[in-house]
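# Architecture and fold: a report
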Amino acid sequence: MSFLWALPAVRPLAAPADDGPGNPWFSWHYIHDNAGALRSALLYHAGLTGRAVIVALVVALPLAIVAYWIKPLTGPILALSGFLYTIPSLALLSVLAPVVGTTTDLTVLIALVLYALLVLVRNALNGLTQVPAEVKDAALGMGYGRFGRLWHVELPLALPSIVTGIRLATVSTVALVTVGALIGKGGLGELILGGFRNNFYKAEILTGTILTVALALVLDLILAGIGRVLTPWARRRAS
């Protein structure tokens, strides 16, 4: 029997309304009555997204460096991360949940990390490979070894591409967290799923959807700002 059958139904945040005039798509009354629960779901969603992207970056960046230094490993590393990305999220949770368990968010965290690897590895690798050869030669002439050149020259020049990968991974992770509602670890996704289970409670569904989109936009803008601060030379070159 699938573990999904044993999951408890998502508890509604407020009493459902019947379909029609009493069941609006948006309700300030619903938001006011459930402000605490909405805030908790939003913070959980943002926290899980942040942890997943950070762990994925810690794994992806060394993989990209290995693929950059050892050319025969480039294909296998990209192929493996691409294969993990193609696994349907429901299937992956169905495999991970019985092994890892559903009492913590580790199951969803593992799935999110695996999905973020492809974008992060590919963008980091693209940034490293686009460093001009003459810049590498100049760094070599200045006495930099492989690690010194990587840290002082190649990674800084690859930073715009790396930041772009982080932004893409973050936005996609915000969306994927909602799937965790299937095992009760979906943050704002639990509002969306709970609204469907709760007699198609429109206000709950739309509120969860709006907050999810808003979270993705805010995080993307924050990361874009951080990227501009960290790469002032890219702005000067664009102008």
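Presented here is an overview of the structure given in this document. (Residues numbered from 1 in each chain as written. Predicted model: local features only at pLDDT ≥ 70, side-chain atom pairs only at ≥ 80, totals over all residues. Heavy atoms only, no water.)

## Quick word on the overall build of the protein chain
Counting its regular elements, the protein chain contains 10 helices and zero strands. Within the protein chain, the proportion of its 239 residues that are buried is 40%. Summarising the internal contacts of the protein chain: among those between residues at least 6 apart in sequence, 76% fall at separations of at least 24. With the model as given, the accessible surface of the protein chain reaches about 12,700 Å², and the carbon-plus-sulfur share is 70%. (Helix = DSSP H or I, 4+ residues; strand = E, 2+ residues; numbered from the N terminus. Buried < 20%, exposed > 50% of the residue type's maximum accessible area, 1.4 Å probe, protein only. Contact = heavy atoms within 4.5 Å. Areas by Shrake-Rupley, 256 points an atom, 1.4 Å probe, with all protein chains shown as cover.)

## Remarks on the side chain of Asp105
By the secondary structure assignment, Asp105 is in the loop between helix H4 (89-100) and helix H5 (106-129). Residue classification places Asp105 among the buried residues on the basis of a relative accessible area of 17%. Among the polar contacts made by the side chain of Asp105, one reaches the side chain of Arg51 at a distance of 2.8 Å. Setting aside anything within four residues of it in sequence, one finds Asp105 in contact with Tyr44, Leu48, Arg51 and Lys185. (Polar contact = N/O pair within 3.5 Å; in protein donor to acceptor, adjacent residues only side chain to side chain.)

## Remarks on a nonpolar patch on the surface
Together, Trp25, Phe26, Trp28, Phe196, Phe200 and Ile210 make up an exposed nonpolar region whose accessible area comes to about 660 Å². Tracing the chain through its elements places Phe26 in the segment before helix H1 (28-33). (Patch = residues over 30% accessible without salt bridge, like charges linked within 9 Å, V, L, I, M, F, W, Y side chains within 5 Å. Salt bridge = Lys/Arg side-chain N within 4 Å of Asp/Glu carboxyl O.)

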